[in-house]
Amino acid sequence: MLASNAPVYTAKTLAQALQLRADHPEAVLLAGGTDVMVFLEADRLEAPAFLNLWGCEGLHGISEDGRKIGALCTWAELKEHPALPMALRACARTVGAAQIQARGTVGGNIANASPAGDSLPLWLAADARFTLQSLRGRREVAASDFFLGYRKTALAADEILVDIQLPVQKGELYYKKVGTRLAQAISKVVLGAYVHQEGGVVRELRVALGAVAPVPLRCRALEEALVGGPVRPELAALVHQDIRPIDDVRSSAHYRAKVAENILRTWLGSLRGC
Amino acid sequence: MMSIGKAVVRTDGRAKVTGQAIYVDDLRPEGCLYGATVRSERAHARILGIDLDPSFDWTDITVVTAEDIPGENVVALMTDDQPVLVDGECRHVMEAVALVAAPTRERALQAAHRVQVRYEELPVLLDPAQAENSPIHIFGTDNVFKRLVIDRGTSTGMGVVHKATYHTSLAEQLYIEPQGMLAIPEKDGSLTIIGSLQCPYYIHKALKRVLGHSRFHVVQAVTGGGFGGKEEFPSMVAAHATLLAIKSGRPVKMIYRRDEDLRASTKRHPAIIQITSECTPEGELLSWDARIIVDGGAYNTLTPVVLSRLVLHVTGPYRIPKVHLEGVAVATHTPPNGAYRGFGAPQAQWAVERHMDRIARELGIDPLELRRKNLLKDGDLTATGGVLHDTAAFLVLEEALEAARAPLLQRAPPPGAGIAHWKRGRGLALAFHGCGFTGNGESWLKGKAALELVGSDLRILTGSTDIGQGTDTIFPQIVASELGIPVERVSMAPHDTAQVPDSGPTVASRTTMVVGSVVQSCAKKLRLALQAETGLASNNFAELLAARNSDAVLKVEHVYEPDASIRWNDADYSGDAYPTYGWSANIVDLEVDPDTGEIRYLRLVTATDVGRAIHPVLVSGQIEGGALQALGWANLEEVVRDQHGCMRNDRLTNYIIPTSLDAPEMVTRLIEVPYAAGPFGAKGVGELPLDAPAAAAAAALEQALGLVLDDLPMTPERVLLAMERGHAA
Amino acid sequence: MRLECRVNNQAVSVETAPMTRLIDLLREDLRLTGTKEGCGEGECGACTVLIDTKPACSCLVPAVQVQDAHVVTVEGLAKGEQLAAVQQAFLEFGGAQCGICTPGFLVMAQALLNEHPHPTREQVREALAGNLCRCTGYQKIVDAVENALAGAEHARQ
């Protein structure tokens, strides 16, 4: 409980936020606090300053069609939004528990870029695009280009993640989280997947996994093997070509690899005849 | 007037639901300092020096080392092997080396980080299986804390033999309120110690030795759970806070942060249990041989008694003509293991119930029929030759089976579960649990309680604490029912050693049954005293009170009188090891995801013999809470240690206990087979619920997947590994 | 910073560091000790409070984020001597044992009941999954919350 005496800059508007971000690139961004405060308590974060975005206008809201999600939207908001894909709403229900869902933000989960971040594979699977903004301007980055390394992202020091955009989808998104405990768990393996089939042929497929590598990643070998043909659950083992799980205090590399394969096989099996 | 059997509102209920109940961390006396502990980072090392970082400002910091101890450097318990602060040689990681106190918690933590300990590493022994023959000596010359042999015959050589080894794992009590203690130096030179604790007189005994005097008193604050974890460990915390208070002359509060609590505090003893049984081809047990190794950690603490209870329960609730039981508790360079609800019996009965399932499987007999064939009943002999009375093994079994016929409640899939081909299974496990202290413990202890008549109201004085189980409600019920008055007229004196007698520790499923009977005797004595004072022969308390001419406080005291029908020989471990036993049947329904090995409990049916349900809501609450601890031990909870024996998963994100979504729906049936010497027939029930649910879960898993798991915990990792290895039934 | 907010319907103005944890502000500065700390990292839920009607772990909220907000703690659930229905239900059903987790459960349950006065058992279990209890096995807590308002309505009839 080493309370930080570092200065805190609070932004009320997006314009203020961008200015403060430019002026204080060293500041740690503070949204719902559900990660930052944990790091502080565990003495795992030395922050020279904080930029407080909680309540900042212009970063909230989910568009009526569910295509655009403000970075400061909480999981509680996502959970209830009728236009969002069911997989995303299911994911929202698995982030911490109610208290965390009411406080934790989508943008925080993405920008924090934990390898076990619950939502990250879903953005990859959905082919989401992240809008990053700074005083220099706006740009869009595909989710698949955003996660660069362990807790490393494409965000520049002066940039803020402002929203997430979901493309129009013909197919279905799928989500599964494996975390030992049935609620309030840290992911040991998390799967986000998207498939579009036509006449028994896989037209589009994106399979992404979290907690099996330093970054959430696409399982390209599996995707390439399946696109253009029928669903073949027996190819699930191709997942091992892309993932790099480790042993840690929560689980073993062996378990993570086995589970990744198993849950993919089951999901693919469920798609046959769709 | 009879409140026995009624769910009266618990006396501390209103304070607890309004946030007014005062726990130790809620106290902040004037000038209070905050304490922190500097701990060893080696499993075994000579301490070469304790240095204060010269770049840190020490002006407002109090530092205490072993040199500052006015009395003896020992945490007095069973033996005197454990120091309050390391003096020369540390024997496990997280052992207290020095203490600091500062005006704020932040400063205290910072200061603790700036105390540097220099070590010379010494050879380390971590494996309990190597302990006895190791050249490294931690305790005595063989590292044996206790060896216990019960020999009542060996194999007949006539039956079918089954043999297997079962492992149980470390487990944390995980009271939600961390360890905490406040020591206040008073103006008259005495000290007040207030804290989160189960046993005020344990602390009293320990502090007397550390201080070399007894000018202090120990007070229990409202305590946020204990489960054994606040039986002996708080003596250490109290000694630390007191040493800092003496040196600084200020009140000192020590509240453990969760990570420190998890790494430093005691755990359930892990056990290796090998059972060789022999039975007829029809499954009638003929002989039972069990060999047990228990890891006690670096100091003795309560390990010998844990071993006793483990050995005495390692035949389970079954009738076995010939038994040979050998247990040994050994020392390793790991943090000491200690009391955790169940106290050896859950480890024992995990092995017993897994072994019964093994016999059934290998003989091709229904596990239920195997149990029916061998269950204990009145008149049967225990492993120590005690003759059983008030047994309820068959009653609880039939009750649980009947309750389990009801259809399962539909439960929605857990969030994020996606597509899973859940496999269902149902499992049964039985247990018995000796109520109260083992052997002659109660006779040696002579637990006392007192009762005061103040005006027309009564006050109970006992050192037995309410740690959530509700004895501050149950004791007034007992007195009120004995005297035929409303329960509201009976209150509890504070659990303060300056005011209440030593009733013995709040442990061993003894508080309601043993201390409750002492409290009931106090009520009877009070009636006699009133009859003597008034000269009335009436049994009517109101009449006696009305006839009284005096306002003087009338106080009676009673000392526990052992049940005269109980005989125990400690020399050869024969006779009635316990005054009576509680009995329990457990049926678990669960689902398992074969892709992930994750278990989802659907329903737990329990039928439990409680002797008499003095407060049905409180007693069923005990059963349900205990059962979920057992189910968490079964599939979630695992202590992961580093190469020094230090707990690595020292946070609630990675030492995971069940949430409300992990918990099954519970159907809790109470059976009442009274124990004549218990208050209104009540038996002890605090620990029994821990004994069997894990084994029932294992049996259910076996049915669901055809897997046999003999070791705890059955984490998803282990379930999946077992599936891969094809441990088919 | 000068923090201005409302706590249990009372205006509060206090000088504090902006990153002070809300739980410390409540317990140390305002002496509202009903809010408990069990882990300090948002896992146990004992420190749950409502911030503008939404539940939060007060150990994870810096003071700066409750500027102008309304915080409700366990002390704010009862109306004077009149217990809230969920508090009454905890007493009747045996939802509190050691009591250390109780304040957090009550506040979280109140948040649920404000949105869903008659929740199903599964809704209750999911809503309370961020509150750890080691005493009850949750059965009696779920019973209490499921029946809290039904009980109160029954009592009024």
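Just so it is clear, the structure is predicted and the values come from calculations on it, not from any experiment. (Residues numbered from 1 in each chain as written. Chains lettered and ligands numbered in written order. Predicted model: local features only at pLDDT ≥ 70, side-chain atom pairs only at ≥ 80, totals over all residues. Heavy atoms only, no water.)

What follows concerns the overall build of chain C. Looking only at helices and strands, chain C has five helices and five strands in total. Listed N to C, the secondary structure of chain C is β-β-α-β-β-β-α-α-α-α in terms of helices and strands. In terms of overall dimensions, chain C is globule-like: its C-alpha atoms have a radius of gyration of 15 Å, near the 15 Å expected for 157 residues. A total of 157 residues make up chain C; the buried ones form 69% of that total. (Helix = DSSP H or I, 4+ residues; strand = E, 2+ residues; numbered from the N terminus. Rg over C-alpha atoms; globule rule 2.2 N^0.38 Å. Buried < 20%, exposed > 50% of the residue type's maximum accessible area, 1.4 Å probe, protein only.)

In this assembly, 43 residues from chain C lie in contact with 59 residues from chain B. When chain C packs against chain B, the two sides together hide about 4200 Å² of surface, and 53% of this comes from carbon and sulfur. Between the two partners, chain C and chain B, sit 35 residue pairs in polar contact (both at pLDDT 80 or more). If you list the elements that add at least two residues to the side of chain C that touches chain B, you get α1 (22–29), α2 (85–93), α3 (102–115), α4 (121–127) and α5 (139–156) of chain C. Of the residues in the side of chain C that touches chain B, the class split is 17 nonpolar, eleven polar and 15 charged. (Contact = heavy atoms within 4.5 Å. Buried area = accessible area lost by both parts, 1.4 Å probe. Polar contact = N/O pair within 3.5 Å; in protein donor to acceptor, adjacent residues only side chain to side chain. Nonpolar A, V, L, I, M, F, W, Y, C, P; charged D, E, K, R; others polar.)

Within the fold, T606 of chain B resides in strand β24 (residues 598–609). Contact partners of T606 of chain B, with chain neighbours within four places excluded, come to A585, N586, I623, V667, T668 and R669 of chain B.

Glancing now at the sheet that holds strand β5 (residues 129–134) of chain A. Residue and element names in this part refer to chain A. In space, the four strands of this open sheet follow the order β4-β9-β5-β6, with antiparallel pairing throughout. Strand pairing shows two members of the sheet lacking a second neighbour, β4 (68–70) and β6 (137–142), which therefore form its edges. Taking each pair of neighbouring strands and ignoring which way they run, the sheet shows an average axis angle of 25°. Lying over the sheet, helix α1 (residues 14–23) contacts β5 and β9 (160–165), oriented at roughly 130° with respect to β9. (Pairing = 2+ DSSP bridges. Axes fitted to C-alpha atoms, helices over the stretch in contact; angles between N-to-C directions.)

Right, let's talk about the domain arrangement of chain B for a bit. All names here are of chain B. Domains assigned within chain B are domain 1 (28–122 + 179–255), domain 2 (271–438 + 574–725) and domain 3 (441–561). With 20 residues of domain 1 at the interface, the matching set in domain 2 holds 20 residues. Taken together, the two surfaces of domain 1 and domain 2 that pack against each other cover about 1700 Å², and 65% of this comes from carbon and sulfur. When the buried area of domain 1 at its contact with domain 2 is split by residue, M78, V93 and F227 rank highest and sum to 31% of it. Our enumeration of links across domain 1 and domain 2 arrives at zero salt bridges. Summed over the shared surface of domain 1 and domain 2, the number is seven residue pairs in polar contact (both at pLDDT 80 or more). (Domains from an automatic or database assignment. Salt bridge = Lys/Arg side-chain N within 4 Å of Asp/Glu carboxyl O.)

Glancing now at the confidence of the model for chain C. With 96% of its residues at a pLDDT of at least 70, chain C reaches an overall mean of 96. This prediction of the complex comes with two scores: 0.98 for pTM and 0.98 for ipTM. (pLDDT = per-residue confidence, 0-100.)

Moving on, we come to α3 of chain C. All names here are of chain C. The terminal C-alpha atoms of α3, which comprises 14 residues, lie 20 Å apart, in line with the 20 Å expected from a rise of 1.5 Å per residue. In terms of burial, α3 is a largely internal element, twelve of the 14 residues being buried. When we look at burial in α3, the residues that qualify are T102, P103, G104, F105, L106, V107, M108, A109, Q110, A111, L112 and L113. (Expected span 1.5 Å × (residues − 1).)

Okay, unusual backbone geometry next. In terms of backbone geometry, most residues other than glycine have negative phi values and most peptide bonds are trans. Of note, the amide linkage connecting L712 of chain B to P713 of chain B takes the cis form, showing an omega dihedral of -5°. Along the chain, the position of P713 of chain B falls in the loop between α16 (693–705) and α17 (716–725). Of note in the backbone geometry, D127 of chain A takes a positive phi value of approximately 60° without being a glycine. Residue classification places D127 of chain A among the partly exposed residues on the basis of a relative accessible area of 32%.

The next subject is the interface of chain B and chain A. With 39 residues of chain B at the interface, the matching set in chain A holds 37 residues. Contact between chain B and chain A buries roughly 3200 Å² in total, counting both sides, with carbon and sulfur atoms accounting for 57%. For the pair chain B and chain A, the interface holds three salt bridges. In this structure, the connection of chain B to chain A is made through 16 residue pairs in polar contact (both at pLDDT 80 or more). Where the side of chain B that touches chain A is concerned, the elements lending two or more residues are α2 (105–113), β24 and α17 of chain B. Here the side of chain B that touches chain A is built from residues that sort into 17 nonpolar, ten polar and twelve charged.

To continue, consider the nonpolar core. In terms of nonpolar packing, the biggest core is built from 155 residues, with W288 and M714 of chain B together with V145 of chain C touching the most fellow members. Residues within four places of V145 of chain C in sequence aside, it is in contact with V86, F90, A109, L112, L113, P119, V124 and L128 of chain C. Core analysis: the next-biggest nonpolar cluster, separate from the first, contains 56 residues, V28, V106 and I164 of chain A together with C57 of chain C among them. (Core = buried A, V, L, I, M, F, W, Y, C linked by side-chain atoms within 4.5 Å.)

This next bit is on the pattern of salt bridges. Applying the stated rule across the entire model yields 81 salt bridges over all chains. Residues E326 of chain B and R291 of chain B are paired through a salt bridge, measuring 3.5 Å at the closest nitrogen-oxygen approach. Pair noted here: E326 of chain B is in strand β15 (residues 322–331) and R291 of chain B is in strand β14 (residues 285–297), with a separation of 35 residues, a long-range link. The shortest N-O distance in the salt bridge between R669 of chain B and E402 of chain B comes to 2.9 Å. Of the two residues, R669 of chain B sits in strand β25 (residues 665–671) while E402 of chain B sits in helix α10 (residues 393–403), which places them 267 residues apart along the sequence. By relative accessible area, which is 25% here, R669 of chain B ends up partly exposed. What makes E402 of chain B partly exposed here is its relative accessible area of 39%. Shared partners join several salt bridges into a network, and the residues in it are D25, D26, R105 and K253 of chain B together with R27 and K36 of chain C.

All names here are of chain B. Mapped onto the elements, S538 comes out in the loop between α13 (511–534) and α14 (541–546). You can call S538 buried: its relative accessible area is 16%. It is 33 Å that separates the C-alpha atoms of S538 and L618, two residues lying 80 residues apart in sequence. In this structure, S538 is in contact with Q531, E543 and L544, ignoring residues within four places of it in sequence. Within the structure, the side chain of S538 is placed 2.7 Å from the backbone nitrogen of N540, a separation counted as a polar contact. Polar side-chain contacts of S538 include one of 3.1 Å to the side chain of E543.

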